[in-house]
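This is what each chain is made of:
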Number of protein chains: 4
Amino acid sequence: MTLPTPLTGVVPPVCTPLTPDNEVDVGSLTRLVDHLVTAGVDALFVLGSSSEAAYLPDRHRRTVVDTVTGHVAGQLPVLAGAIDMTTLRVRDHVVAVTAAGADAVVTTAPFYTRTHPAEIATHFREVAAASPVPLFAYDLPVSVHTKLGADLLLDLAAEGVLAGVKDSSGDEGTFRRVLLGTRARADITDFSVLTGAELTVDSALAMGADGVVPGLGNVDPEGYVRLYRYCRSGDWARARAEQERLCGLFAMTAVGDPSRMGGSSSALGAFKAALHLRGVIDCPATAVPQVPLSSGEVERVGKYLAAAGLL
Amino acid sequence: MTLPTPLTGVVPPVCTPLTPDNEVDVGSLTRLVDHLVTAGVDALFVLGSSSEAAYLPDRHRRTVVDTVTGHVAGQLPVLAGAIDMTTLRVRDHVVAVTAAGADAVVTTAPFYTRTHPAEIATHFREVAAASPVPLFAYDLPVSVHTKLGADLLLDLAAEGVLAGVKDSSGDEGTFRRVLLGTRARADITDFSVLTGAELTVDSALAMGADGVVPGLGNVDPEGYVRLYRYCRSGDWARARAEQERLCGLFAMTAVGDPSRMGGSSSALGAFKAALHLRGVIDCPATAVPQVPLSSGEVERVGKYLAAAGLL
Amino acid sequence: MTLPTPLTGVVPPVCTPLTPDNEVDVGSLTRLVDHLVTAGVDALFVLGSSSEAAYLPDRHRRTVVDTVTGHVAGQLPVLAGAIDMTTLRVRDHVVAVTAAGADAVVTTAPFYTRTHPAEIATHFREVAAASPVPLFAYDLPVSVHTKLGADLLLDLAAEGVLAGVKDSSGDEGTFRRVLLGTRARADITDFSVLTGAELTVDSALAMGADGVVPGLGNVDPEGYVRLYRYCRSGDWARARAEQERLCGLFAMTAVGDPSRMGGSSSALGAFKAALHLRGVIDCPATAVPQVPLSSGEVERVGKYLAAAGLL
Amino acid sequence: MTLPTPLTGVVPPVCTPLTPDNEVDVGSLTRLVDHLVTAGVDALFVLGSSSEAAYLPDRHRRTVVDTVTGHVAGQLPVLAGAIDMTTLRVRDHVVAVTAAGADAVVTTAPFYTRTHPAEIATHFREVAAASPVPLFAYDLPVSVHTKLGADLLLDLAAEGVLAGVKDSSGDEGTFRRVLLGTRARADITDFSVLTGAELTVDSALAMGADGVVPGLGNVDPEGYVRLYRYCRSGDWARARAEQERLCGLFAMTAVGDPSRMGGSSSALGAFKAALHLRGVIDCPATAVPQVPLSSGEVERVGKYLAAAGLL
């Protein structure tokens, strides 16, 4: 299907349910997709960071995108991450996910290797040239250790290289510069600016953002859909209350003991434990080498769910 | 072939010659291998950082390891990088390179994702369990943004998970702790400690390192072989003079204008320009999105070669 | 005077006008204070980062705080930075600025030295114990390379150690956690939460922040006063328009050529050039070793002022 | 006294003994100086990082430099740190320590504020211009978050701005570039290159370094004096054995529990505990807000001393 321009609304980065031996759990994945679609989300983003894309071998990635595009069957757009170190590797993922029916691709700046703004621009240009569908930039300095500058994004938008950006940088000042630049520059049309900052969605939408890509939206998609609608209707008081409830729920991401595991194990472990407790997926396993939550930590996830009215 | 224990000597990380359209130049690659073997190096390391592994799609990686293992045909050991973000992806590369005949595999800590020492240990354990050949840890914080601790390395050595480490961290204090720990701990045998710090090889060998993995060894393998032999024979005066000559040559890695390109473009571009000027490879192209050196910059590479007696 | 609890409104970090030979220009400083007070700001913050506190010797710091407290004479509160590396040094500054009449002090986590959350807590406790006036934490990771955690801040608020925080971290998620925690915890009363993020003041106030400490408020205090009032009255449309105008003006901070100077030279140089162009201060000099703006760069500052209706 | 050119040998950064209430313990300080002088060190460095300069108020700094210059009375040179954020503040410290008789001053790049190589050069030029004695650069990126480049150091050496460098960066490649540049450039004479890397002193001296500034030299000055002499006489086998013994001793710096304290508390706490156990100083207190070692941790320091033959 053709992607709306701009892309708006709630676009959850879909978790990848796994079996205990780290195979993709296709049944759980389709149930998760139904859980999101039923809640009224506007599009799906597979193979992003919340999907554990960095942990999934190519075979798993193909299963995910095949399953999701097949299951939604054009009801709503599917964006797919093409996450890899540099241009030629990313291009191979673009070919794979678009062959499987992805409606847009999402990629970061080069990582692992030392890079430069000129090289980042070339990277996006070369990836876009190889893609039959629109390309979104994924701004994720915590992972790639480079921040995408506002001028770089705007220039690539004007060139037609980028159709949008998913900004998970947490740098709200630059995010706003991109929003204002998108509006101010006559050479930019239909550039979609999405925030990944799930604790300040009301702020981002108030500034003019088009949509949100919330990891926590796996757990409470109805919450983010309501939040989005309150913002769009200008009901800022209800929006703030809904956002604050979601902030409380988000605290589950810190449930894992930092002396025992990293932040990914804790946050993705909590999302999956919550989906398991809510009956959406069969198994809360995260991909190796992540550390599983303890039973006490899972219990605390349950308390967050209960406090948010989700159990 | 069985890897010597410990692995000693000069183990250059083999550059990957490319055609102008970024295909692997197999003819140049075999000439480069001959250039290194003839110089007397002790083993080869393919698909490391100097090989542009981060830039090569799987298809290119396969061509490289097939070409090199086929060409050396057991004359000397071939180590192969299995460079990817996390465990399951790395395991797929391990299967591929060992099927092609690699005698050992080399992998980093997880990257892109947030991690933790316990997860890094699990990662190496799981990769080793999937590998039919010895596993080396690749300590490269500039790329993966995590430093491997001395105790982590020593414990995994004692467990039999790691056969050695290639230390490109530049942290000589920790490097020495690993060397001293390897010698002091009765539960560690045959752990190979290799330095990637090509400017202080004499120091590393004087401390007890087993060998060196010098990117610059592509350009001047004879120099590193001489340096290694001087050190082994205790001729520290000649070793220092040879090392200082190589330090002068190494300055070529900064030839690229930093306002125009990143550090990888400059350093790998210089190595390839030098190999091209020396007649070893047909084309100095680096992989997209790296920025090519200008003709003036290539000229300066030539001057470094001339000053070092290599042209 | 007694500080309002909580402290609300616009609290500009007052620039320190200097003579060409880097003495404090007392006449210009009092004119700058008048410029701010006349505009309707709610309090003044001297000896912060925008005041070049890091560049001012103790003698200059004393002149600044004496001049400002003397000149405002209790019309509005004066907060003073006590910026130094560790506890004992900070305590000396606290003694100096409170002797000169400061109504509150503001200090960061320890810097230069390696630190730890337990040490940071001790630091704030010891500084507070030595201060006759309320203590604000200054969260400025770009300078001190440590981020103050939400729980640390909230616990120190509950203990009565901290009266507030000036958050210049740019981490809006944690900022919101502090705001929500302040409201949720029964053991916290009257903790002032101020944002230093001058591009997202409307967002911060919509979330419940008490006030703003905008460096750009030196240049356009009326703008920030209007912005604050629009937010307080719930006129979010006007607030957003005012904020966006200020975002445009803020772009002046990037006017300095990054190949020739650092970010402090550019941003503080632009603020001072603007104050000079607006006729508020006599000389736009920044403290050594900062690099002065070129005449072309000053001209561009003028264009930003004109575009914002300030010339 | 006039500083030797170049400055060579062992130059310990003198710890600052404190009383339990954090006053300078003058009696212990003079005993520590005697302990070092008797061991045969070549100069003393007061008010560096190991001296807790960052923790000492100006009053304490004056006591330290007065005490030490008075006590050594010209027997050997005294270098004094002038550690502060920027130029004007550093100049005040230079005036203070040289009035008290320091034979050279040591200062870092600007910190806390954002900086730039051009600003760093101006900083050193302005500090040198204000100093009646030679100026050494202190390269300490772990504290100031900027690495001094080889060309910057060499150019300032050639200009006569810098008399030397104390390199505590841990970047041995750049350290060697500075050594080679010092020798190669005809416009540089008598530039002293000192290493602060106490675990690789044999390597640094083998490369041509002039001397060493070892924090651990407080605890075992005889060891570093022997190590220096072995290196100078070309007895590399004995040098290596001595260095390895000192590496074992250095492990005491990690004795503090990282969940309870920062790295400074652990390392400086261990040095002071060792000096107390060896009977050199009266009290092992470190300056607030550092966390004291537990009695069990102090016991482990004792074991390190015993293992090194120092108890």
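Residues numbered from 1 in each chain as written. Chains lettered and ligands numbered in written order. Predicted model: local features only at pLDDT ≥ 70, side-chain atom pairs only at ≥ 80, totals over all residues. Heavy atoms only, no water.

- Going by an unreviewed UniProt entry, chain A carries the name Dihydrodipicolinate synthase family protein and comes from Streptomyces monticola.
- Heading Sequence similarities (unreviewed entry) of the UniProt record for chain A holds this comment: "Belongs to the DapA family." (UniProt positions renumbered as here; feature names shortened; annotations may be inferred.)

### With respect to unusual backbone geometry
No. 1: Residue B:P289 follows B:V288 across a cis peptide bond; omega there is 10 degrees.
No. 2: Within the fold, B:P289 resides in the loop between α11 (263–277) and α12 (295–307).
No. 3: The backbone of D:N22 sits at a positive phi, close to 65 degrees, despite the residue not being glycine.
No. 4: As for its position among the elements, D:N22 is in the loop between β1 (9–10) and α1 (26–39).
No. 5: A residue is classified by how much of its surface remains accessible, and D:N22, at 11% relative accessible area, is buried.
No. 6: In this structure, D:Y112 is a non-glycine residue whose phi angle is positive, near 75 degrees. (Helix = DSSP H or I, 4+ residues; strand = E, 2+ residues; numbered from the N terminus. Buried < 20%, exposed > 50% of the residue type's maximum accessible area, 1.4 Å probe, protein only.)

### A look at the interface of chain C and chain D
No. 1: Contact residues are listed per partner, giving 50 residues for chain C and 50 residues for chain D.
No. 2: At the boundary of chain C with chain D, total buried surface from both sides reaches about 3,800 Å², with 60% on carbon and sulfur atoms.
No. 3: On inspection of chain C and its partner chain D, the count reaches four salt bridges.
No. 4: The partner of D:D58 in a salt bridge is C:R89, and the shortest N-O contact between them spans 2.9 Å.
No. 5: Where chain C meets chain D, there are 26 residue pairs in polar contact (both at pLDDT 80 or more).
No. 6: Among the elements of the structure, α2 (58–72), α3 (87–99), α4 (117–129), α5 (141–144) and α11 (263–277) of chain C are those that each provide at least two residues to the side of chain C that touches chain D.
No. 7: Of the residues that constitute the side of chain C that touches chain D, the class distribution is 22 nonpolar, 19 polar and nine charged. (Contact = heavy atoms within 4.5 Å. Buried area = accessible area lost by both parts, 1.4 Å probe. Salt bridge = Lys/Arg side-chain N within 4 Å of Asp/Glu carboxyl O. Polar contact = N/O pair within 3.5 Å; in protein donor to acceptor, adjacent residues only side chain to side chain. Nonpolar A, V, L, I, M, F, W, Y, C, P; charged D, E, K, R; others polar.)

### A few points about the sheet that holds strand β7 (residues 192–195) of chain A
All names here are of chain A.
No. 1: Read across the sheet, eight strands follow the order β1-β8-β7-β6-β5-β4-β3-β2 without closing on themselves; strand pairing throughout is parallel. In the strand order of this sheet, the two ends are held by β1 (9–10) and β2 (44–46), each with one partner.
No. 2: The sheet contact formed by β7 and strand β8 (residues 211–212) spans two bridges and is parallel. If you follow L194 over to β8, its bridge partner there is G211. (Pairing = 2+ DSSP bridges.)

### Side note on the interface of chain D and chain B
No. 1: Facing the 18 residues of chain D at the interface are 18 residues of chain B.
No. 2: Interface of chain D and chain B: buried area, both sides summed, is about 1,400 Å²; carbon and sulfur atoms make up 50% of it.
No. 3: Ranking the residues of chain D by area buried against chain B places D:R176, D:R240 and D:E244 at the top, with a combined share of 35%.
No. 4: Joining chain D to chain B, the criterion identifies ten residue pairs in polar contact (both at pLDDT 80 or more).
No. 5: Counting residues per element, the ones that place at least two in the side of chain D that touches chain B are α7 (172–184), α8 (201–207) and α10 (236–250) of chain D.
No. 6: Partitioning the side of chain D that touches chain B into residue classes produces six nonpolar, six polar and six charged.

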